[in-house]
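Examination of the molecular architecture
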Amino acid sequence: MTCITIDGLSGVGKGAVSRQLANDLNFTYLSIGLIFRSVAWVKVYTNNDLSSIPSMIKINLNESKEPRIFLYHQDITDHLFGDVNIESEVPLLAMDPLIQTQVYSIIRAFCEIHHTILEGRIANKIMPDAIIKILLWAEPIERANRNYAEYFRIGKSKQAEELLLKVRERDQLDLSRDNDPLRYKTGMIAWDSSHSTFGETVNQMNRYIKHYMNEIPFTVSVIIPVKDRENHLYSCLKHLAQQDIDKSLYEIIVVDDHSSDNSVKIAEKYSDKVIISDGKGPAYARNLGLQAAKGDFIIFLDSDILVQEDFIRQHIQLHELNNKLIVIGARRHLPKDQNELDIHLSRKDSREVLLSLNSMDLNYLAHPWSIAYTCNISGPRWLFLDNLFDADFYGWGLEDIEWAYRLHHKGVRWAFSSRATGYHLWHDREMTDNKFLQWKNNLDLFLRKHTAEDAKKFRLFETVFDPNQKSDYMGVYGIFQNNSFRNAMIVDLSTINTDHLLYLQDYIFRKWNRDVDLIILDSKTEAEGYNYEISIGISTGYQKNIRFFTTCEWNKHGYEVVEQYNKNGFEIYNSSIGVG
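Below is a short write-up of the structure.

Cut-offs used in this document
- Residues numbered from 1 in each chain as written.
- Predicted model: local features only at pLDDT ≥ 70, side-chain atom pairs only at ≥ 80, totals over all residues.
- Heavy atoms only, no water.
- Helix = DSSP H or I, 4+ residues; strand = E, 2+ residues; numbered from the N terminus.
- Rg over C-alpha atoms; globule rule 2.2 N^0.38 Å.
- Buried < 20%, exposed > 50% of the residue type's maximum accessible area, 1.4 Å probe, protein only.
- Areas by Shrake-Rupley, 256 points an atom, 1.4 Å probe, with all protein chains shown as cover.
- Lys, Arg positive; Asp, Glu negative; His and termini not counted.
- Charge placed at Lys NZ, Arg CZ, Asp CG, Glu CD.
- Pairing = 2+ DSSP bridges.
- Axes fitted to C-alpha atoms, helices over the stretch in contact; angles between N-to-C directions.
- Contact = heavy atoms within 4.5 Å.
- Expected span 1.5 Å × (residues − 1).
- Parallel < 35°, antiparallel > 145°, perpendicular 65-115°, else oblique.
- Left-handed = near helix turned anticlockwise from the far one by under 90°.
- Nonpolar A, V, L, I, M, F, W, Y, C, P; charged D, E, K, R; others polar.
- Right-handed = clockwise from strand over helix to strand, strands pointing away.
- Phe/Tyr/Trp six-rings, centres within 6.5 Å; stacked < 30°, edge-to-face > 60°.
- Salt bridge = Lys/Arg side-chain N within 4 Å of Asp/Glu carboxyl O.
- Polar contact = N/O pair within 3.5 Å; in protein donor to acceptor, adjacent residues only side chain to side chain.

Within the protein chain one finds 23 helices and 21 strands. Computed over its C-alpha atoms, the radius of gyration of the protein chain comes to 27 Å, within 12% of the 25 Å expected for a compact globule of 580 residues. Its C-alpha atoms put the protein chain at 85 × 60 × 50 Å along the principal axes. Within the span of the protein chain, comprising 580 residues, buried residues form 55% of the whole. Total accessible area computed for the protein chain in this model is approximately 25500 Å², and 50% of it derives from carbon and sulfur atoms. Distance between charge centres in the protein chain, computed from 65 positive and 78 negative side chains, equals 2 Å.

Dropping the structure here:
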């Protein structure tokens, strides 16, 4: 039988989501709390010995496939809620190892004979082999607002600030408790329901479930806007045709923005769908592609990018970990007259160098949207359709940055992938006065549309793009990032013999002195998804004080990071659990 577990933070709606999924999938919804309540009822209202609970408590299904709890032949389900005596006993029983073992046994026996959505704080512990394990969460302010709305609906008065404080306190308790703390584990889907309606959450989750149950694989639409790039487009499409996934799982859409060369003919021959735009620019062209796309995920790719055979697969693998993830694929430049893909001749672009000096976890950056170029980027189609490009941006530059800015402020998560790399064919990229004028006009438009301080700071880059100034990008980005330095401690996970992901979460939530930054080093680099799992595991509001480097990157650039701290009067020292 199939079991799906749903764990998560307090107040995130685990029960409601689980019930609806069970109804949609024709599964049975089972709450772990229901079984612990039944044990509490037995303790409070009977003289039965609690050493043989499985022989007393049974789960039967009614005609609607809803679980009913029986004490021998007595249905006690309707007595388990709204009783203060039971409410006070449940937390104590849940921490009793003898009771835990018996309750887990009852639940496992049920799941072995029923297709089940198992919901509760320790669902993944009880059923570690569940086919799908979901960790449901939402931002604290979102959960507090939901609580506030519910109190208002039932006519009770609560202060929003009070509710937010309670949410944060409960989160801290769940994350730091000694017994069964809330943890993200390898193999889970981290599901963010922030900024989503209940219906959107359930519908999107159903799609993931069908993928993991091998019913309907994920599909991808690759959207390529093009204007007068016939030679580059041919090479781009040739490499996309060689992907190592079944061709039925992806489509290639070329949007021609009023080319005067043979771009349309090449697209008609080597892509799946060709859309003719009328010269309104790349923002408008990408929107046309989006509206025609059918894939679960969208990859925006420039027409001068070559990719390897596993390119699409690498994008998809990261999206399997999180429902609101934007993947920025690396871009590496090929030399002039190099028209074939040769990874050994390529060089990293400025963004990849930037991350090697800050953190390989993109979410450490104060403004990850600022490097979200659409030459190689992917995300869920529903998310992109809800956030179309602003076609008022015309000419060269910033239509993608403005789009990413809006996505960032809707709470998306970011991942940088050096495995889903695009190799950039050479063309003249020199900044001209005319090109800079287009960029400058778009910057002015960006700042008219967005007046927050983080948007205003982006004007710093004007001196980088101005061909008469050409300020150093790294130096300007350092001012833009505006790291507030403190003393830092290196934690080298290569010295840890236990599960790195769980160990790191235990360390952060229980031992970390938050007056210092953490620099996490890890030699486990064979799976990029693992690196992103580290990012999910520490995404608890302290992300901006935690930097992640692979050991290889640290050996190359660590001295520069140390120099950053020393210049600002701070030190980096080794933790007692690792060697820096």
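Strands sit in the order 20-19-18-21 across an open sheet of four strands; the sheet is parallel. In this open sheet, the two edge strands, each paired with only one partner strand, are strand 20 (546-550) and strand 21 (572-574). Each adjacent strand pair in this sheet contributes to an overall mean axis angle of 25°, direction not counted. Pairing between strand 18 (residues 488-492) and strand 19 (residues 517-522): five bridges, direction parallel. Residue pairing in the sheet places V491 in a bridge with I520 of strand 19. Where helix 21 (residues 500-510) meets the sheet, it contacts strand 18, strand 19 and strand 20, and its direction lies at approximately 170° from that of strand 19.

Moving on, we come to helix 17 (residues 433-449). Relative to the 24 Å expected for 17 residues at 1.5 Å per residue, helix 17 spans 24 Å between its end C-alpha atoms, a close match to the ideal helical length. Tucked into the core, helix 17 has its buried residues touching helix 16 (399-408), helix 18 (453-456) and helix 19 (462-465).

Before going further, it helps to spend a moment on helix 16. By the criterion of burial, helix 16 is predominantly enclosed, with eight of the ten residues buried. Of all the positions in helix 16, only E399, D400, I401, E402, W403, A404, Y405 and L407 are classed as buried.

This part takes up the packing of helix 1 (residues 14-25) against helix 9 (residues 198-212). Closest axis-to-axis distance for the helix 1/helix 9 pair is 10 Å, and the angle between their directions is 55°. By the angle between their axes, helix 1 is oblique relative to helix 9. Note that helix 1 runs across helix 9; the crossing there is right-handed. In this structure, helix 1 uses A16, V17, Q20, L21, D24 and L25 to contact helix 9, whose residues at the interface are F198, T201, V202, M205, N206 and I209. Here the contact of helix 1 with helix 9 is built from residues that sort into eight nonpolar, three polar and one charged.

The buried count for strand 18 comes to five of five residues, which makes it a mostly enclosed element. Remark: the strand 18/helix 21/strand 19 crossover connection has right-handed handedness. Sheet analysis places strand 18 next to strand 21, joined by three bridges and oriented parallel. By the bridge assignment, A488 is partnered in strand 21 with I572.

Quick look at unusual backbone geometry now. A positive phi angle is found at H195, which is not glycine, with a value near 60°. You can see H195 is positioned in the loop between strand 8 (188-192) and helix 9. Among the residues examined, H195 registers a relative accessible area of 44% and is labelled partly exposed. At L398, a residue that is not glycine, the phi angle is positive and equals roughly 80°. Structurally, L398 is set in the loop between helix 15 (381-385) and helix 16.

What follows concerns the packing of helix 2 (residues 32-45) against helix 4 (residues 84-94). Here helix 2 crosses helix 4 at 115°, and the two axes come no closer than 8 Å. Here helix 2 lies roughly perpendicular to helix 4, going by the angle between them. Along this stretch, helix 2 crosses helix 4, giving a crossing that reads as right-handed. Together, F36, R37, V39, A40, W41, K43, V44 and Y45 of helix 2 and N85, I86, E87, E89, V90, L93 and A94 of helix 4 make up the contact between the two elements. Here the contact of helix 2 with helix 4 is built from residues that sort into ten nonpolar, one polar and four charged.

Turning next to the packing of aromatic side chains. In the structure shown here, the tally under the stated rule is 28 aromatic pairs. Seen from their ring centres, F300 and W403 are 5.9 Å apart, and the 85° between their planes marks the pair as edge-to-face. Of the two residues, F300 is situated in strand 12 (residues 297-301) and W403 in helix 16; the sequence distance between them amounts to 103 residues. The burial state of F300 is the same as that of W403; both residues are buried. For the ring pair W439 and F465, a centre distance of 4.6 Å and an interplane angle of 20° mean the geometry is stacked. Of this pair, W439 sits in helix 17 while F465 sits in helix 19, and the two are 26 residues apart along the sequence.

Note on placement: H114 falls in the loop between helix 5 (97-111) and strand 6 (116-119). Sequence separation of H114 and T28 is 86 residues, and the distance between their C-alpha atoms is 7.0 Å. Contacts of H114, omitting those with residues within four sequence positions, involve M1, T2 and L61.

Right, let's talk about the pattern of salt bridges for a bit. Overall, the coordinates contain 34 salt bridges when judged by the stated rule. A salt bridge links D174 to R170; the shortest N-O distance between them is 3.2 Å. Separated by four residues within a single helix, D174 and R170 lie in helix 8 (residues 160-176), roughly one turn from each other. Linking R313 and D244 is a salt bridge whose minimum nitrogen-to-oxygen distance equals 2.8 Å. In this pair, R313 sits in helix 13 (residues 311-319) while D244 sits in the loop between helix 10 (230-240) and strand 10 (250-256), placing the two residues 69 residues apart along the sequence. Within this structure, K440, D444, R459 and E462 form a network of salt bridges that share partners.

Here we come to the side chain of S263. Along the chain, the position of S263 falls in helix 11 (residues 263-270). Among the residues examined, S263 registers a relative accessible area of 0% and is labelled buried. Within the local environment of S263, its side chain forms a polar contact with the side chain of D261, the two groups lying 2.7 Å apart.

The values are spatial; any link to function lies outside them.
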